[in-house]
Amino acid sequence: MMSIHLFGRVAALGLLSLASLLPTPADAETTAVTGAGSSAAAPVYKAWATEYAKQHGDALDYAPVGSGAGMAKIRAGEVDFGSSDVIAAPKELDKDGLVMFPTVITGVVPVVNLPRVGANALRLNGEVLAQIFLGEITQWDAAPIKALNPELKLPNLPIRRVVRADGSGTTFHFTDYLSRVSPPWKQRHGAASKLDWAGEVLAVKGSAEVSKAVRATTGAIGYIDYNYVQSDGLAGVAMKNADGQFVVASVESFREAVTRSAWFSQGDFSASICDGPGAKTWPLTMGTYIALPRVSKSSERTERTLRFIVWSYLRGDALAREARFVPLPAKVQASAYKEISKVSTASGESLGVKVLNALIK
């Protein structure tokens, strides 16, 4: 478990009036806000929590146990918030009594370990990527890969696939993309957070282990979240997008995907931001989300959780960028506030509105 326990004095935040919501010294000794879920999102929550604790004295304990486990924990009431890279369907959220909204935007990136092939040098399209992960293309110098990379000297090496063994939002978005671009993939596997991979694979748990396995295995190809590509110096792949352009994963290509999506135009977080239009759009763009009980069982803990989340929206953009995520555009963030406002006490008082009114002034 990743724990952040940094206590400090309250810092002034410009025009924001926080006095009524800041913890007293006694509050600082209470149990930390708890969260669990997405390993992909762990770096941004760590960055936010560290700075928030310096300014306001509240601590966060976040366990990067994977999206599936995080959602199981919030449904069981074991944490104050769950984190997932996959948003639950509206009917499922209603059944479980949860609200869910995005926090930041990132992307899934195919990564390779090939001799004399640097970052973003290898080009793939969705069809060939699907054939690789179906186990149908097994050599790096196979004709379909060579056709996309006529200027590269591809090695005569077997392809070693590195995949997630645990339930993973990253896997869901990766397989969702493959389902959209490859009918054989859709028929055989579809989109899933966890699946049985055909043939011999290196199956590991968590994004950090994917990075480790790819770096340690010559001939490897895996899929991983963008921030790990940057922090661990992995060799990403250039992908052909829906507009027929080869693009590389970047903050700019993620932002392009979001601003052309229903998130931006309609505030619809259930809509996919995968394989969207735009010449500069990264085709494997994804969001990461927080889930909270719609009706709080502890108004004090829920308020503290919401204070942290809203502060992260208001003051966490620079930290998100440093952690190599894309902050939500203002228009998308406004739609997230609508979901936050739905969080209430058992008596019907909106805790979300209470926190928002106090912080957004």
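Keep in mind the model is a prediction, meaning the values are calculated, not measured.

**What about the sheet that holds strand E6 (residues 123-124)?**
Taken together, 3 strands build an open sheet; the order of strands is E6-E11-E12 and the sheet is mixed. Two strands close off the open sheet at either side, each with one partner strand: E6 and strand E12 (246-247). Bridge count for strand E11 (residues 238-240) against E12 is 2 bridges, and the pairing is antiparallel. The residue bridging Met239 from the neighbouring strand is Val247, located in E12.

**Quick notes on the confidence of the model for the protein**
For the protein, mean pLDDT is 89; residues scoring 70 or higher make up 91% of the total. Ignoring residues within four places in sequence, the model shows residues 1-30, a span with pLDDT below 50, making 65 contacts including any to other chains.

**Considerations on the layout of surface pockets**
Of the volumes computed, that of the largest pocket is approximately 330 Å³. If you list the elements that add at least two residues to the lining of the largest pocket, you get helix H3 (67-75), strand E13 (285-293) and helix H13 (299-315). Ranked by residues supplied to the lining of the largest pocket, first place goes to H13 with 3 residues. Looking at side-chain class alone, the lining of the largest pocket contains 7 nonpolar, 6 polar and 5 charged residues.

**Considering the packing of H13 against helix H16 (residues 351-359)**
Close contact between H13 and H16 brings their axes to 9 Å; oriented N to C, the two are set at 45°. One way to sum up the angle between H13 and H16 is to call them oblique. Regarding H13 and H16, the two cross each other, and that crossing is right-handed. Two secondary-structure elements touch here, H13 through Ser299, Thr302, Glu303, Leu306, Arg307, Val310, Trp311 and Leu314 and H16 through Leu351, Gly352, Lys354, Val355, Leu356 and Leu359. In terms of residue class, the contact of H13 with H16 is made up of 8 nonpolar, 3 polar and 3 charged.

**A short note on the nonpolar core**
Judged by nonpolar contacts, the single largest core of 108 residues is most densely connected at Phe101, Leu122, Leu124, Phe133 and Ile145. Among the elements that make up this core, the one with the highest residue count is strand E5 (residues 98-113) (10 residues). Apart from residues no more than four positions distant in its own chain, Leu122 is found in contact with Val112, Leu114, Val117, Trp140, Ile145, Asn149, Leu152, Leu154, Val237 and Ala238.

**As for the environment of Ala143**
On the secondary structure map, Ala143 appears in helix H6 (residues 143-148). We classify Ala143 as exposed; its relative accessible area is 57%.

**A short note on the pairing of E13**
Of all 9 residues in E13, 8 are buried, a share of seventy percent or more. Two elements, strand E4 (residues 81-84) and E13, share 3 bridges in a ladder whose sense is antiparallel. By the bridge assignment, Ser83 is partnered in E13 with Ile290. Where E5 and E13 come together, 9 bridges link them in antiparallel fashion. By the bridge assignment for E13, Phe101 is matched with Ile290.

**Section: the packing of helix H2 (residues 42-56) against H13**
One way to put it is that H2 packs onto H13 with a least axis distance of 10 Å and a crossing angle of 105°. Regarding the angle of H2 to H13, the classification is roughly perpendicular. For the pair H2 and H13, the contacting residues are Tyr45, Trp48, Ala49, Glu51, Tyr52, Gln55 and His56 in the first and Arg307, Phe308, Trp311 and Ser312 in the second. Residue composition of the contact of H2 with H13, by class: 6 nonpolar, 3 polar and 2 charged.

**Topic: the side chain of Ser335**
Mapped onto the secondary structure, Ser335 falls in helix H15 (residues 330-340). The class of Ser335 is buried, set by a relative accessible area of 12%. Here Ser335 is in contact with Gly267 and Phe269, once residues within four sequence places are set aside.

**Remarks on unusual backbone geometry**
For Arg116, which is not a glycine, the phi torsion comes out positive at approximately 65°. Locating Arg116 in the fold gives a position in the loop between E5 and E6. Of the residues examined, Arg116 reaches a relative accessible area of 69% and is grouped as exposed. With a phi angle near 65°, Asn120 is a residue other than glycine that sits in the positive phi range. If you trace the backbone, Asn120 turns up in the loop between E5 and E6.

So, how was this worked out
Residues numbered from 1 in each chain as written. Predicted model: local features only at pLDDT ≥ 70, side-chain atom pairs only at ≥ 80, totals over all residues. Heavy atoms only, no water. Pairing = 2+ DSSP bridges. Helix = DSSP H or I, 4+ residues; strand = E, 2+ residues; numbered from the N terminus. pLDDT = per-residue confidence, 0-100. Contact = heavy atoms within 4.5 Å. 1 Å grid on protein atoms, 1.4 Å probe; cavity = no way out; pocket = protein on both sides within 12 Å on 5 of 7 lines; lining within 4 Å. Points joined across faces, edges and corners; volume = space filled by probe spheres on them. Nonpolar A, V, L, I, M, F, W, Y, C, P; charged D, E, K, R; others polar. Axes fitted to C-alpha atoms, helices over the stretch in contact; angles between N-to-C directions. Parallel < 35°, antiparallel > 145°, perpendicular 65-115°, else oblique. Left-handed = near helix turned anticlockwise from the far one by under 90°. Core = buried A, V, L, I, M, F, W, Y, C linked by side-chain atoms within 4.5 Å. Buried < 20%, exposed > 50% of the residue type's maximum accessible area, 1.4 Å probe, protein only.

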